[in-house]
Amino acid sequence: MKTIDALLAEGVNGKRVFVRADLNVPLADGTITDDGRIRAVLPTVKALAEAGAKVVVASHLGRPKGAPDPDFSLRPAAERLGELLGAPVAFAEDTVGPGAHGAVDGLAPGQVAVLENLRFNAGETSKDDAERGEFADKLAALADVYVGDGFGAVHRKHASVFDLPAKLPHYAGYLIATEVGVLKKLTDDVKRPYAVVLGGAKVSDKLGVIDHLLEKADRILIGGGMAYTFLKAQGHEVGISLLQEDQIPAVKEYMERATEKGVEFVLPVDVLVSPDFPDLKTKAPANPTTVAADAIPADQEGLDIGPETRKLYASKLADAATIFWNGPLGVFEHPDYAEGTKAVAQALLDSPAFTVVGGGDSAAAVRTLGFDENAFGHISTGGGASLEYLEGKTLPGLAALEN
Ligand SMILES: Nc1ncnc2c1ncn2[C@@H]1O[C@H](COP(=O)(O)OP(=O)(O)OP(=O)(O)O)[C@@H](O)[C@H]1O
Ligand SMILES: O=C(O)[C@H](O)COP(=O)(O)O
């Protein structure tokens, strides 16, 4: 994989450099609640701008349905990028149309433009190679060189991640190079005991990784929305909690295999429940009830791990030598459901282990809950991406940079 240092050595003055970033930041009412993913791409954008490139930054945000949707505009991210760079950033109202061409044509060497959300175009995420290729051609018309630096999206076979680099000279940015360097340590030479904590809401994306973790990890702790599919597989009622019904047979098989292999599976023993999902805008008190994990009422939803589980998980992490944590343990955005995530973050800090936190929301949780991000071994900007990397899968966005 050629890195941006090679590109800088070749010279970029006056060249249009397309930077595929992951600016998929959490937003509340149009305001960015955690700008970690924007700060993560700054070294690449700054280095290119300082070397006189015309920097064209592109990203997805959320999951719009292939057409413009103002709720998913990248404008707030572009504004924040400008603040962090301390220089104005042009914002294109579209991704490949006249707005984009106008913004890019107007760049002087050293200036930066951000394109509107890539996913406002059906071609970006299309499963059809030709449709994706057509969209990638339109993106290629905006640049001379490609720099891949959106680590959080490298597991997606999308036009800007996979097809575009094949059409332009391509390089890996600083973020991707750093992420791959650290995650490699967890695949090559992991110090044991190796504990993995899995939570979050993208349950279907993440369950598959357990298959692989059963070959690698010594302990797997399950929390967040993931936990309820496991509890259901054990025969417990989970009420209206997040559930991936079709994965129950797979989950049963994982638990059996864990017993055979001596991998310890740790599930919540108690959870916080409520009949209502909390109001994340007003943060009005949610008044949850603590119940045993095998006694979730039929009309209630599990929204965080309970106090006994917090203690149990801290004890299971205390003597680990390596810890990988992906996915909040509860709906941490609401203070009544943040304690589980806080307890796990604290347990990582208290343990002598090499600690890696992976995931946009997990990283945001660590920061918004007041932890010092520098106290962790590594905070990865990729959730699904870091898990798939650890699975040993070929990630489209990395393969494209290697070719
Ligand atoms: N019990 C639960 N029920 C519903 N949602 C939950 C639960 N526990 C956690 N969550 C939600 O999970 C979300 C984060 O999940 P996600 O899988 O996206 O995490 P991530 O891997 O850190 O991020 P990403 O994959 O986007 O990089 C949070 O918004 C949180 O509110
Ligand atoms: O948040 C993420 O994990 C990345 O930005 C990828 O987003 P996606 O899961 O919507 O593809």
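Bear in mind the structure is a predicted one, so any value in this text is a computation, not a measurement. (Residues numbered from 1 in each chain as written. Chains lettered and ligands numbered in written order. Predicted model: local features only at pLDDT ≥ 70, side-chain atom pairs only at ≥ 80, totals over all residues. Heavy atoms only, no water.)

Along the protein, the regular secondary structure elements total 17 helices and 17 strands. Expected size for 403 residues packed as a compact globule is a radius of gyration near 22 Å; at 22 Å, the protein falls within 12% of this value. C-alpha atoms of the protein, sized along the principal axes, occupy 60 × 45 × 40 Å. Counting the 403 residues in the protein, one finds 57% classified as buried. (Helix = DSSP H or I, 4+ residues; strand = E, 2+ residues; numbered from the N terminus. Rg over C-alpha atoms; globule rule 2.2 N^0.38 Å. Buried < 20%, exposed > 50% of the residue type's maximum accessible area, 1.4 Å probe, protein only.)

A few words now on the UniProt feature "binding site: ATP" (unreviewed entry) in the protein. Look at the UniProt record and you will see "binding site: ATP" (unreviewed entry) annotated at K206, G302, E333, G359, G360, D361 and S362. Tracing the sequence through the fold places K206 in helix α9 (residues 203–207). On the basis of relative accessible area, K206 is assigned to the buried category, the value being 8%. Among all residues touching K206, those that are not within four sequence positions of it are G199, M226, N326 and L387. (UniProt positions renumbered as here; feature names shortened; annotations may be inferred. Contact = heavy atoms within 4.5 Å.)

Looking now at the site of ligand 1. Taken together, 21 residues sit near ligand 1, with A201, K206, E333, G360 and S362 positioned nearest. At 2.5 Å from an oxygen atom of ligand 1 is found a side-chain nitrogen or oxygen belonging to E333. Look at ligand 1: alone it shows 650 Å² of surface, and the protein chains cover 92% of it. When contributions to the shell around ligand 1 are tallied by element, the ones reaching two or more residues are β14 (301–305) and α15 (360–368). Broken down by element, the shell around ligand 1 gets its largest block of residues, three residues, from α15. Within the shell around ligand 1, the residues separate by chemical class into five nonpolar, eleven polar and five charged. (Near = heavy atom within 4 Å. Polar contact = N/O pair within 3.5 Å; in protein donor to acceptor, adjacent residues only side chain to side chain. Areas by Shrake-Rupley, 256 points an atom, 1.4 Å probe, with all protein chains shown as cover. Nonpolar A, V, L, I, M, F, W, Y, C, P; charged D, E, K, R; others polar.)

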